[in-house]
Amino acid sequence: MVRVRRGGYWNKIGLVNLSSKSVKYLEFNEPLYEKYIGGVGLGAKLLIDNTSPRIEPLSSENLLIFSIGPVEGLILPSAARMAAVFKSPLTGFFGESLCGGYIGTELARAGLDALVVKGTSADPVYLLVEDGGVEIKDASHLWGLDTYTTEKELWSELGEVMTASIGPAGENLVRFACIVHGLYMHEKKKLRGGFFGRTGGGAVMGSKKLKAIAIRGNYKIEPVDDGKFIEFRERVVRLAREKLQTLTKYGTSAIMALTNSTGSLPTRYYEGGSFSGYEKIGPEIFNKLYVKKKITCFACPVACGRHSETSGGLEMEGPEYETLFALGPLTYIDELEAILRANDLANRLG
Ligand code: SF4
């Protein structure tokens, strides 16, 4: 019989020690979850309680925590978010990053509230999460691959799974390396993947020789009170449709119009706040020339992601606002085609 979760949490956290190659499971009482609500709250509590502030971010003492909140897995706009929490190798301070797509929902459906990774493996490994359990698997055949190829290999090995992996950037401990979810899934199904893009989680993952996590969820997530939940969801969907129309129409590239007009578009390495080449890379031209399809995270009507294609036929997810400004105005580049190609490369390298 399929297990069903009603009400916020499974009360189960997977604790993986890569040094000793062991897995334990922790249980907490409800007040902890209520006090430190959401993926970031839970992750922050676990990090602070289980590390010392003085640890080196790329040492085996650092933790890499993937955690989700109480509405993850419910059919609700913008609820599809998984947090990665760790001490940041980029800032030396608390590091967190949030990823959309489908991976958080999959963790909820796999029967865990969080996955805590400590220690360092001697050889490359990946984690398989399914049916409330975690297995440590050999990943020596995946080490050196880019994020797209890693996911493709995992799908051919395991069937359809939601993955988060590092590419050469994370393996080589680049301090701003990302953890990438769903490039291959995007290609196969035209769904929105996502990125743990901020504060260098990819380098922490690389320092642990953890190439990927692969999650398959077989359980169901349902609300405690169907009637109240449906009423609440209808309100949220109505508000999202009303207030976020521009995001639906143009994707996150719409944010460029706002920041450029208010003088806050990062330009020429923060020397300026608006860009002379804006018209050549802005949301209108991007959507007109390159966007092929709107894509969305689990259960979200906003669909702010984009599937795009260069004139040479290179198809990809994105680019998002952050990529557009960082590879455009920030570096003083006004060629959209070049930005798209660099976006694809960055996605794959992690
Ligand atoms: S589609 Fe956009 S608005 Fe909806 S959950 Fe994903 S990132 Fe958020």
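Report follows, based on the coordinates. Source: prediction; values computed, not measured. (Residues numbered from 1 in each chain as written. Predicted model: local features only at pLDDT ≥ 70, side-chain atom pairs only at ≥ 80, totals over all residues. Heavy atoms only, no water.)

## Description of the packing of aromatic side chains
The full count for this structure, using the stated rule, is 9 aromatic pairs. Consider the rings of F66 and F196, whose centres lie 5.5 Å apart with planes at 65°: the pair is edge-to-face. Taken together, the residues F66 in strand β4 (residues 64-67) and F196 in strand β12 (residues 194-196) connect sequence positions 130 residues apart. Take F66 and F196: they sit in the same class, and that class is buried. Ring centres 5.4 Å apart and planes at 90° place the aromatic pair W155 and Y184 in the edge-to-face group. Residue W155 is located in helix α4 (residues 147-158), and its partner Y184 is located in helix α6 (residues 183-189); the two are separated by 29 residues in the primary sequence. The pair formed by W155 and Y184 is uniform in burial state, with each residue classed as buried. (Phe/Tyr/Trp six-rings, centres within 6.5 Å; stacked < 30°, edge-to-face > 60°. Helix = DSSP H or I, 4+ residues; strand = E, 2+ residues; numbered from the N terminus. Buried < 20%, exposed > 50% of the residue type's maximum accessible area, 1.4 Å probe, protein only.)

## With respect to the sheet that holds strand β16 (residues 305-309)
Pairing is antiparallel across the open sheet formed by 3 strands, whose spatial order is β15-β16-β17. The sheet terminates laterally at β15 (291-295) and β17 (315-317), the two strands that pair on one side only. Each strand of the sheet is rotated relative to its neighbour by a mean of 20°, with strand direction disregarded. Both β15 and β16 contribute to a ladder of 4 bridges, which runs antiparallel. Across the sheet, K294 pairs through a bridge with R306, a residue of β16. (Pairing = 2+ DSSP bridges. Axes fitted to C-alpha atoms, helices over the stretch in contact; angles between N-to-C directions.)

## Description of the nonpolar core
Grouped together as the largest cluster of nonpolar side chains are 57 residues, with contacts concentrated most on L64, F66, L115, Y126, L127, L210 and I213. If sequence neighbours within four positions are ignored, Y126 has contacts with E135, I136, K137, D138, A139, L142, L154, E157, L158, L210, A212 and A214. Within the second largest apolar cluster, 16 residues are counted, among which are F275, Y278, L330 and I339. (Core = buried A, V, L, I, M, F, W, Y, C linked by side-chain atoms within 4.5 Å. Contact = heavy atoms within 4.5 Å.)

## As for the layout of surface pockets
Roughly 1300 Å³ of volume is contained in the largest pocket. Lining the largest pocket are 40 residues; nearest its centre among them are C178, G197, R198, E322 and T323. Within the residue set of the lining of the largest pocket, elements represented by two or more residues are β6 (94-99), β12, α13 (321-327) and α14 (336-349). Ranked by residue count, the leading element in the lining of the largest pocket is α13, at 5 residues. In terms of residue class, the lining of the largest pocket is made up of 22 nonpolar, 13 polar and 5 charged. Counting only domains with at least three residues in the lining of the largest pocket, you end up with domain 1 (4-222) and domain 2 (244-349). (1 Å grid on protein atoms, 1.4 Å probe; cavity = no way out; pocket = protein on both sides within 12 Å on 5 of 7 lines; lining within 4 Å. Points joined across faces, edges and corners; volume = space filled by probe spheres on them. Nonpolar A, V, L, I, M, F, W, Y, C, P; charged D, E, K, R; others polar. Domains from an automatic or database assignment.)

Remember, this is a structural readout, not a statement about activity or role.
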